[in-house]
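# Topology and contacts: notes
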Amino acid sequence: MANRPKRPLRRAGLISPFGVGAIVDYADGRSLMTASVDHWFDLKKPCPPELRIKEERLCKVLRIAEIRFPPDFSAGQIPATSFPKWHHCPKCYLMRNQNSASECSSEQCRKVKTKTLPMRFVAVCANGHISDIDWMLWVHGEEGPKEGCQLRYRAGRSASLAGINISCSCGKKRTLGGLFSNSDGGGLQQRCSGNRPWLGPTANESCDELMHAAQKGASNVYFADTKSAIYVPNWMADQSSKIAAIIDSEDFWNLVESTMDDDDVLNSRFITRYAKTQAVDPIALLKAAEARQKGDVDEDHQEEDLKPAEYAAITSCMGSPEEELYVKRADLTKYESWVSEFFSDVFLIPKLRETRVLRGFTRVQPPLASDRDRIQPVAHRAHWLPGIKVTGEGFLLVFNFEKLRTYCDLSLSKQRSERIAENVNTVNAQRGRELIDVRPEEVLLHTFAHLMIRAISHECGYGSSALRERIYIDLEADDPMAGVMIYTASGDSEGSLGGIVRQAEPRNLERSIRYSLSEGQWCSSDPVCSETIGQGSDGANLAACHSCALLPETSCEYGNRLLDRVLVLGDAAGEKAGYFSELTRDGLTL
């Protein structure tokens, strides 16, 4: 773990896509893997207050003590380990298994000081492990190499893998043609050793899976498993704005935490004295501090249980312009009459805060909620996880519950959602994963969110990767939810200029909805796209592809899965009705 990269990385980049376990290429030829968070700070020392993120709800769900910012480049460097270990010389082609890129040691290159380059290919396992490809095994097969064998890597004139030749000093050689083949007896026949270099050389797990060959920069080598939460000031209910400001102050909490005992019990005497210095009610301040420390989720709750509190806070217009959440309810009477037929409320959110945490990662396949055993940890001993805190704005569209229930009870809606579930569960059964249920209302809201983000991106100039979705859906709960929040939360100016809020104001919102539905009616891949019985990852999409509905990975909660334009718009022939078919029939989308 001695390697420390000298190239600055944004803090957000250390959450995704360059988080713990990811391979980062540098201009000087080095290829480094970000080390576990155990090596980022001295675990025996307390966390500096400026690096601590207060988000109690997320800490409870993830069962961690705290969330920390990655260290800023000016304050320190993130440890990394050299990976892959195998390097080759571009001049004499000699391959060596070494700890880092260095000058080639052959007599031919010693005088000119030729620097070796890391190999482009690695071996990955579906359980999240990663290793160098056993190049001796690839060339010699089960016979194994003789003593003193040396390999050389030569790239021919062909751009294909078959044009790359690896030869041995014993006379054996083999091209890389078929390296990525998954057929029986073909491709990489290397068993996993449970290697986890980001945790250290002694952190191997027991594993005997057949490994997959991949280019080290390929997208399937690293899938970050991030969790996020919207800041919800539930402890501010029934409190004065002055107490709310104190409770939301990082300076106040730094003082409070410095006076806690080993069991993290609040020091009521200190809070009482502090309240008197601020001229506020001591009992009210203590009550608010206890409420924030406790959070609003139980120990057994999962990430989805964060959403009801967020939805309740937004729909009750909690917060104020001085806080990190500010919500206003729009007057539906100022919108065109058809808006109230499909939506029961529109909420403008001029200010919000989102906390994103890197929980772990997977390889080969993206993480799913049921894949806890496949997700590799980013820490071995540390009691905290890395995260970032970003601010932004957005709006929430609440669907008409009755109209949504009526449409989702139709046989067409159920058939299409069941088709998606069948496609996904066929693959899940083959991979030994948990089977899932797919609700038509979830697919409908998710697809509508994608169409809206694409429309807003075209209309107001936001990059689609700068916009994000958050789907609130549960029609069976005591307090039902059916809302789509579209927001921007980033560390730069794109997240705070007010453009997204203005898109939800009267006349602008109607235009955006019309445009999104009009664009979604047609796809350049139709009729293939609209008539498919399954496409995309695991066949998890029906009428949705890159030409009409997919978004950048950073924008989508579901990994561009569970999408179907037919549930939103119906089909082109008019034989299958969508939720918004009345608008398209009446010509309102033109």
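Only a predicted model underlies this, so the values are computations on that prediction, with no experimental measurement involved.

Now for the overall build of the protein. Across its full length, the protein carries 17 helices and 21 strands. Split into buried and exposed, the 590 residues of the protein put 53% on the buried side. In the protein, 68% of the contacts between residues at least 6 apart in sequence involve partners at least 24 apart.

Before going further, it helps to spend a moment on unusual backbone geometry. The step from serine 16 to proline 17 runs through a cis peptide bond, and the omega angle for that step is 15 degrees. Tracing the backbone shows proline 17 in the segment before strand S1 (23-25). The amide bond that connects phenylalanine 83 to the next residue, proline 84, takes the cis arrangement and shows omega of 0 degrees. Structurally, proline 84 is set in the loop between strand S5 (80-82) and strand S6 (86-88). Although it is not a glycine, arginine 507 sits at a positive phi angle of roughly 80 degrees. Note that arginine 507 resides in the loop between helix H13 (499-503) and helix H14 (508-521).

Within the open sheet, the three strands sit side by side as S7-S6-S8. Their pairing is antiparallel. Lying at the two open borders of the sheet, with one neighbouring strand each, are strand S7 (95-97) and strand S8 (117-118). Both S6 and S8 contribute to a ladder of two bridges, which runs antiparallel. Among the inter-strand pairings, histidine 87 is bridged to a residue of S8, identified as proline 118.

Attention now goes to the nonpolar core. Of all hydrophobic cores here, the largest spans 62 residues; its most connected members are Trp40, Ile130, Ile314, Ile349, Leu396, Tyr472 and Met485. Residue assignment for this core shows that the elements contributing at least two residues are helix H1 (56-62), strand S9 (121-124), strand S15 (223-230), helix H8 (306-315), strand S17 (343-362), strand S19 (384-399) and strand S21 (481-490). Among residues more than four places away in sequence, those in contact with isoleucine 130 are Ile23, Met33, Phe83, Val122, Ala123, Val124, Asn195, Pro197, Trp198, Met211, Val221 and Arg363. Among the nonpolar cores identified, the runner-up in size contains 55 residues, and Tyr335, Leu404, Ile453 and Leu583 belong to it.

Moving on: helix H10 (residues 401-408). Of all the positions in H10, only Leu404, Tyr407 and Cys408 are classed as buried. End-on view of H10: buried residues confined to an arc of 95 degrees, all on one side of the axis. Away from its buried face by more than 90 degrees, H10 exposes Glu402 and Thr406. Taking the backbone nitrogen of glutamate 402 as reference, a side-chain oxygen 3.1 Å away marks asparagine 400 as the first, capping residue of H10.

This part covers the pattern of salt bridges. Scanning all chains against the criterion turns up 26 salt bridges. The partner of glutamate 582 in a salt bridge is lysine 403, and the shortest N-O contact between them spans 3.1 Å. Of this pair, glutamate 582 sits in helix H17 (residues 581-585) while lysine 403 sits in helix H10, and the two are 179 residues apart along the sequence. When its relative accessible area of 33% is taken as the criterion, glutamate 582 is described as partly exposed. Residue classification places lysine 403 among the partly exposed residues on the basis of a relative accessible area of 22%.

Where helix H12 (residues 440-460) meets H14, the closest approach of the two axes is 8 Å, and the angle between their N-to-C directions is 110 degrees. Classified by the interaxial angle, the pair formed by H12 and H14 is roughly perpendicular. Between H12 and H14 the crossing geometry is right-handed. Note on element contacts: H14 touches H12 through Leu509, Arg511, Ser512, Ile513, Tyr515, Ser516 and Gly520, opposite Phe448, Leu451, Met452, Ala455, Ile456, His458 and Glu459. Across the contact of H12 with H14, the residue classes tally to eight nonpolar, four polar and two charged.

Our next topic: the state of the cysteines. With the rule as written, the count across this model stands at zero disulfides. With no disulfide of its own, cysteine 192 has cysteine 207 as its nearest cysteine by sulfur position, at a separation of 3.7 Å. With no disulfide partner, cysteine 529 has as its closest neighbouring cysteine sulfur the one in cysteine 545, 3.7 Å distant. A relative accessible area of 2% means that cysteine 529 is categorised as buried.

Take the sheet that holds S5 next. Within a sheet, adjacent strands bond to each other through the backbone by hydrogen bonds, running parallel or antiparallel. Taken in spatial order, the three strands make up an open sheet running S1-S2-S5, and their pairing is antiparallel. Lying at the two open borders of the sheet, with one neighbouring strand each, are S1 and S5. Along the sheet, successive strands turn relative to each other by an average axial angle of 35 degrees, direction set aside. Examined bridge by bridge, strand S2 (residues 31-34) and S5 share three bridges and lie antiparallel to one another. Note on S5: the bridge partner recorded for methionine 33 is threonine 81.

Attention now moves to the confidence of the model for the protein. On average, residues of the protein score 85 in pLDDT, and 88% of them reach the 70 mark or higher. Low confidence marks residues 296-301, where pLDDT is under 50. Its contacts with residues over four positions away, or in another chain, come to 13 contacts.

Turning our eyes to something else, we now look at the packing of aromatic side chains. Counted under the stated rule, the structure contains 18 aromatic pairs. For the pair phenylalanine 343 and phenylalanine 580, a centre-to-centre distance of 6.1 Å together with 40 degrees between the ring planes defines the contact as tilted. Taken as a pair, phenylalanine 343 in strand S17 and phenylalanine 580 in the loop between helix H16 (565-569) and H17 lie far apart in primary sequence, 237 residues in all. The structure contains a cluster of three or more aromatic residues connected by ring pairs, namely Phe342, Phe343, Phe399, Tyr407, Phe448, Tyr579 and Phe580. Against the face of tyrosine 26 rests arginine 30, its NZ or CZ located 5.7 Å from the ring centre. Note that arginine 174 overlies the ring of tryptophan 138, its terminal NZ or CZ placed 3.5 Å from the centroid.

With that settled, the discussion passes to the side chain of glutamate 442. Tracing the sequence through the fold places glutamate 442 in helix H12. Since its relative accessible area comes to 12%, glutamate 442 is described here as buried. Here glutamate 442 is in contact with Ile473 and Tyr558, once residues within four sequence places are set aside.

With that settled, consider the packing of H10 against H12. Contact geometry for H10 and H12: axes closest at 9 Å, N-to-C directions at 115 degrees. Here the hand of the crossing between H10 and H12 comes out right-handed. Contacts between H10 and H12 pair Leu404, Tyr407 and Cys408 from the former with Pro440, Glu441, Leu444 and Leu445 from the latter. Class assignment for the residues of the contact of H10 with H12 results in six nonpolar, no polar and one charged.

What counts, and where the lines are drawn
- Residues numbered from 1 in each chain as written.
- Predicted model: local features only at pLDDT ≥ 70, side-chain atom pairs only at ≥ 80, totals over all residues.
- Heavy atoms only, no water.
- Helix = DSSP H or I, 4+ residues; strand = E, 2+ residues; numbered from the N terminus.
- Buried < 20%, exposed > 50% of the residue type's maximum accessible area, 1.4 Å probe, protein only.
- Contact = heavy atoms within 4.5 Å.
- Pairing = 2+ DSSP bridges.
- Core = buried A, V, L, I, M, F, W, Y, C linked by side-chain atoms within 4.5 Å.
- Arc of directions from axis to C-beta.
- Polar contact = N/O pair within 3.5 Å; in protein donor to acceptor, adjacent residues only side chain to side chain.
- Salt bridge = Lys/Arg side-chain N within 4 Å of Asp/Glu carboxyl O.
- Axes fitted to C-alpha atoms, helices over the stretch in contact; angles between N-to-C directions.
- Parallel < 35°, antiparallel > 145°, perpendicular 65-115°, else oblique.
- Left-handed = near helix turned anticlockwise from the far one by under 90°.
- Nonpolar A, V, L, I, M, F, W, Y, C, P; charged D, E, K, R; others polar.
- Disulfide = S-S within 2.5 Å.
- pLDDT = per-residue confidence, 0-100.
- Phe/Tyr/Trp six-rings, centres within 6.5 Å; stacked < 30°, edge-to-face > 60°.
- Lys NZ or Arg CZ within 6 Å of the ring centre and 35° of its normal.

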